[in-house]
Amino acid sequence: MQYDHIVIRYGELSLKGKNKKQFIAQLRENLKHKLKPFSNVQLIQSRDRMYIKLNGQDHQPVIEKCQDVFGIQSLNLAIRVENSVDKIKEGALWALKAEEQVKTFKLTTKRPNKSFEIGSQEMNQILGGHLLSNTEGITVDVHNPDVEIRVEIRHDATYIMAGKISASGGLPVGTTGKTLLLLSGGIDSPVAGYLAMKRGVQVEAIHFHSPPYTSDRAKQKVLDLAQELTKYGHEIRVHVVPFTELQQKIFREVPENYGMTIMRRQMLRVSERLAERENILSLTTGESLGQVASQTMESMNSINEVTNYPVIRPLVAMDKVDIIDISRKIGTYETSILPYEDCCTIFVPKQPKTRPSREKIHQFEDHVDFSEEIDKALDGIETITITEHDLTKSEFEDLL
Amino acid sequence: MIYLDNSATTSPYPEVLESFQKVSETYYGNPSSIHQFGGEAEKLLKTSKKQAADLLKVDDEEIFFTSGGTESNNTAIKGIALQHQNRGRHIITSQIEHPSVLEACAALETLGFRVTYLPVNHEGKIDLDVLEKSIDNETILISIMHVNNELGTIQPITEIADIAAKYPKLFFHVDHVQGLGKIPLDMSHPGINLCSISSHKIHGLKGTGALYIQKGTTLFPLLHGGGQESANRPGTENLAGIVAMVKALRLTMEKQKQSFDHLTNMANIIRTALEKDDRVVVNSPEDGAPHILNFSVPNYKPEVVIHALGKENIFISTKSACSSKHSDESAVLAACGWGEDRSHFGLRISLSYQNTEEEVREFSKVFIRVLDELNDVMG
């Protein structure tokens, strides 16, 4: 015997009233993309749930993929058996034995198929007895069992489910609109993108590239990070902004200690313009309060002034260690710590202003007209679409 | 030509040679150079590593490219021994490992390490109880091969890994050189800390291999230098060889999926033919890897049989290189407890997915004829 189905349990989205339908449709779409590499499996939607029919596919890799899909609270492995007492007994025993290190169990039978001749209470007793007499050292615990064996006698067949496997929770990506993520290449911004996606947001990324101050490897690093994030939302568009001229002008025309603050303001200006162009309704950054000079309250106040788009800061109240933990978990950490210069590290003033004031900034900016450089930067944007299963058809495909 | 010595080495796939040449021509930049040209090479290196890791179902940070099976085995064994000798200085291996394992262990003995060489039964299998009983407070490493190169015997790697996982102090290394692409191995088993593979056994090129090092496992490198491969194996990467290996790995694993039955079928044809002849005794166990078939023809000097077959353009082998006092004796067959009538007269056929049914039928026919001809002189 082997598990032949995976039952998908929705999380929060089942609470969402009349939006439920749309959320489920999106989840189904996202799952379909996720399961593409498994040619055998089928995604099946029934009235009240979704399940995956494995058709011989090993369940472990499928489960791992499902755990990256937001909107799924938990998963159950299930076997499907004929509607006969003997088959159900056999299946339930197999499912219990397939669980490792189990000392106690609870058995729950449901019988939506009322034409099945034995009631659910009686089935519970029959099955419980069967399990107890065919195992050693395992007892029943209805309050706090190590595993719950659920038996559902339906019209087409009986489904027997065992241990619950937790998934990512959250909302299906694509159900709550789009955001433009400022993706630098550091540890924080990918995590911010991940957390935004967890709330159902579809992410596009903007990256500021300043050749020759920043290298192709730094750009590739950002694309690699975006690639990692596609695990959670199958496609990410990365907009690479040619930032060199704008950056050079800033550092030519503005006092050194205000350079960074004003650079950030320009980044937000460019981002907002791009968001507007692409019908994206918010910006997302990896800022965390107090972490570096640009993330003091004064800096945020000065930088945020240039846009009235919502700036989502999922990390704003998080500690660095917790951010690093997530970054390790989602697989971006190793890439993030690669030591390439990015636009934020190369022009770092010796003593950046940690308490910039809006008045000073206005004075400096009034003297310089950046509009031409901003337009040029926007016109020169290169947009790269990265999809989850890209790696298999890389530019080196013919070599490998 | 009928080539039946694929456990010694294989013919490179044409596609693999093509890649090797293209990479040598187009991506000769040093992956460590910071210019764009070096960057391209680095990207190809990373992509190759990722593909290898995906195929082997491990993480890309756990794959380290080396010069081949011998280097991988040495790196694993000496590397663990030197790095963790303060935990203990006892190593467990078996009597029928590849020389690159046995000799590495023997070298460590001269440095004061203690080595247990586990005995094997007639089929070449180790006894799990004996293994577990050999573990003591000083044990830091178990090194056991997956598929034996002379016999095709498959060792119970999963069971050994389960045992190893119970002893947090020790590491478990698997020599998977002969099993790769033929007999599945779950490298990601938590009990397996290190695993060696080689390219030229799977239709790649000589001079490339890899060592899987599980996350969290540290070792003392054999080489010191420029920090490549996370300093576990410094030296400018052999990118063309690496790409060739990863391509060979992909092609071989595709074949493993599609044509494993073909391998079994060919092995059965030869086994059936040999078993019919009462001059021949088959040494390989029935449940061994199908691509290796070891047998003895008592009183027929192996070298003479090999040369006689060579004249017919058929190539098989005797045994792998060994350091036995008798030049003809197979240390592996001797360790299996076979007497001189078998251990001195061992022959080995090793197949690849590229061999055909016609070839093995032809071999079976010619082999019997050659024995008949030699019969007059030697029998």
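Nothing here was measured: the structure is a model prediction, and the numbers come from that model. (Residues numbered from 1 in each chain as written. Chains lettered and ligands numbered in written order. Predicted model: local features only at pLDDT ≥ 70, side-chain atom pairs only at ≥ 80, totals over all residues. Heavy atoms only, no water.)

## Let's talk about the packing of aromatic side chains
How we decide: Centres within 6.5 Å make a pair out of two Phe, Tyr or Trp rings, where for Trp the six-membered ring is used; the pair is then stacked when the planes are under 30 degrees apart, edge-to-face when over 60, and tilted otherwise. Numbered from the N terminus, helices here are DSSP runs of H or I no shorter than four residues, and strands are runs of E no shorter than two. Burial classification: accessible surface area is computed with a 1.4 Å probe over protein chains only, and a residue below 20% of its type maximum counts as buried, one above 50% as exposed, and the rest as partly exposed.
Counted according to the given criterion, the structure contains 11 aromatic pairs over all chains. Ring centres of A:Tyr194 and A:Tyr232 lie 4.9 Å apart, and the angle between their planes is 80 degrees; this geometry places the pair in the edge-to-face category. Of this pair, A:Tyr194 sits in helix α5 (residues 188–198) while A:Tyr232 is found in the loop between α6 (216–229) and β11 (235–242), placing the two residues 38 residues apart along the sequence. With relative accessibility at 4%, the residue A:Tyr194 sits in the buried group. Judged by centre distance (5.4 Å) and plane angle (25 degrees), the rings of B:Phe363 and B:Phe367 are stacked. Placement of both B:Phe363 and B:Phe367 in helix α11 (residues 357–378) is noted, with a separation of four residues, approximately one turn of the helix.

## Looking at the UniProt feature "binding site: ATP" (unreviewed entry) in chain A
All names here are of chain A. The cut-off we apply is this: UniProt positions are given in the numbering used here, feature names are shortened, and annotations may be inferred rather than shown by experiment. Here, residues are in contact when the closest pair of their heavy atoms is within 4.5 Å.
As recorded in UniProt, the feature "binding site: ATP" (unreviewed entry) lies at Leu182, Leu183, His207, Phe208, Arg264, Gly286 and Gln295. On the secondary structure map, Leu183 appears in the loop between β9 (178–182) and α5. Residue Leu183 is classed as buried on the basis of its relative accessible area, which comes to 2%. Considering the arrangement of structural elements, one finds Gly286 in the loop between β12 (282–284) and α9 (297–304). Classification of Gly286 as buried rests on a relative accessible area of 10%. When sequence neighbours within four positions are dropped, the list of residues in contact with Gly286 reads Asp188, Ser189, Ala192 and Leu315.

## Examining the nonpolar core
This is how it is decided: As used here, the term nonpolar core means buried Ala, Val, Leu, Ile, Met, Phe, Trp, Tyr and Cys residues forming a set that is joined through side-chain atoms within 4.5 Å. These domain boundaries are the output of an automatic or database domain assignment.
Grouped together as the largest cluster of nonpolar side chains are 58 residues, with contacts concentrated most on B:Leu44, B:Ile142, B:Phe172 and B:Ile192. Each of two domains, domain 1 (2–8 + 259–378) and domain 2 (14–250) of chain B, supplies a minimum of three residues to this core. Non-local contacts of B:Ile142, meaning those with residues more than four positions away in its chain, are made with B:Ile92, B:Leu131, B:Ile135, B:Ile160, B:Leu170, B:Phe171, B:Phe172 and B:His173. The next biggest cluster of nonpolar side chains, apart from the first, holds 44 residues, and it includes A:Leu35, A:Leu54, A:Val62 and A:Val81.

## Here we look at the interface of chain A and chain B
We apply this condition: We define buried area as the total accessible area lost by two parts upon association, computed with a 1.4 Å probe and summed across both. Just to be clear on terms, a salt bridge is a Lys or Arg side-chain nitrogen sitting within 4 Å of an Asp or Glu carboxyl oxygen. Think of a polar contact as two N or O atoms within 3.5 Å of one another; within protein, one of them needs to be a possible hydrogen donor and the other a possible acceptor, and neighboring residues in sequence only count if both atoms come from side chains. Each residue gets one label: Ala, Val, Leu, Ile, Met, Phe, Trp, Tyr, Cys and Pro are nonpolar, Asp, Glu, Lys and Arg are charged, and the others, such as Gly, are polar.
The interface is formed by 13 residues belonging to chain A together with 25 residues belonging to chain B. Counting each side, the surface lost to burial between chain A and chain B is near 1500 Å², with a carbon and sulfur contribution of 53%. It is A:Arg217, A:Leu399 and A:Leu400 in chain A that bury the most area against chain B; as a group they hold 49% of the surface buried on that side. In this assembly, chain A and chain B are joined by two salt bridges. In this structure, A:Arg217 and B:Glu42 form a salt bridge, with 2.5 Å as the shortest nitrogen-oxygen distance. Linking chain A with chain B are 10 residue pairs in polar contact (both at pLDDT 80 or more), by the criterion used here. Considering every element that reaches the side of chain A that touches chain B, the biggest residue donor is α6(A), with three residues. Residues of the side of chain A that touches chain B, tallied by class, amount to six nonpolar, two polar and five charged.

## Things to note about the pattern of salt bridges
Pairing is possible between side chains that carry opposite charge, provided their charged atoms lie close to one another. Counted under the stated rule, the structure contains 39 salt bridges over all chains. Here A:Glu278 makes a salt bridge to A:Arg277, at a shortest N to O gap of 3.4 Å. Assessed through its relative accessible area of 46%, A:Arg277 is described here as partly exposed. A salt bridge links B:Asp59 to B:Lys215, with the shortest nitrogen-to-oxygen separation between them at 2.7 Å. Taken together, the residues span a long stretch of sequence, with B:Asp59 in the loop between α2 (36–56) and β2 (63–66) and B:Lys215 in the loop between β8 (209–213) and α7 (239–276) at a distance of 156 residues. Each of the salt bridges in this network shares a partner with another, and the network as a whole consists of A:Lys178, A:Glu204, A:Arg237, A:Arg277 and A:Glu278.

## Examining the environment of B:Gln83
All names here are of chain B. Checked against the element boundaries, Gln83 lands in helix α3 (residues 69–83). A C-alpha to C-alpha distance of 15 Å links Gln83 and Asn73, two positions 10 residues apart in sequence. The residues touching Gln83, leaving out its near neighbours within four places in the chain, are Thr218, Leu219 and Phe220.

## Some details on the packing of α5(A) against helix α10 (residues 320–329) of chain A
Each pair of packed helices can be described by the angle between their axes along with the distance between the axes. All names here are of chain A. Just so we agree on the cut-off: Interaxial angle, 0 to 180 degrees, is taken between N-to-C directions of lines fitted to C-alpha atoms, where a helix line uses only the stretch in contact. Oblique is the label for every angle not falling under 35 degrees (roughly parallel), over 145 degrees (roughly antiparallel), or within 65 to 115 degrees (roughly perpendicular).
At a closest axis distance of 9 Å, the pairing of α5 and α10 adopts a crossing angle of 70 degrees. Regarding the angle of α5 to α10, the classification is roughly perpendicular. Here α5 contributes Asp188, Val191, Tyr194 and Leu195 to the contact with α10, which in turn contributes Lys320, Ile323, Ile326, Ser327 and Lys329. A per-class count over the contact of α5 with α10 returns five nonpolar, one polar and three charged.

## Regarding the domain arrangement of chain B
Residue and element names in this part refer to chain B. Each assigned domain of chain B is listed here: domain 1 (2–8 + 259–378) and domain 2 (14–250). Inter-centroid distance (C-alpha atoms) of domain 1 to domain 2 is 28 Å. Every contact between the two is made by 31 residues of domain 1 and, on the other side, 25 residues of domain 2. In total, domain 1 and domain 2 occlude about 2300 Å² of area from one another, counting both sides; carbon and sulfur atoms represent 52% of this. Inspection of the domain 1/domain 2 interface yields one salt bridge. A salt bridge links Asp287 to Lys125, with the shortest nitrogen-to-oxygen separation between them at 2.9 Å. The tally of links from domain 1 across to domain 2 stands at 14 residue pairs in polar contact (both at pLDDT 80 or more). Counting residues per element, the ones that place at least two in the side of domain 1 that touches domain 2 are α7, β10 (292–296) and α9 (331–335).

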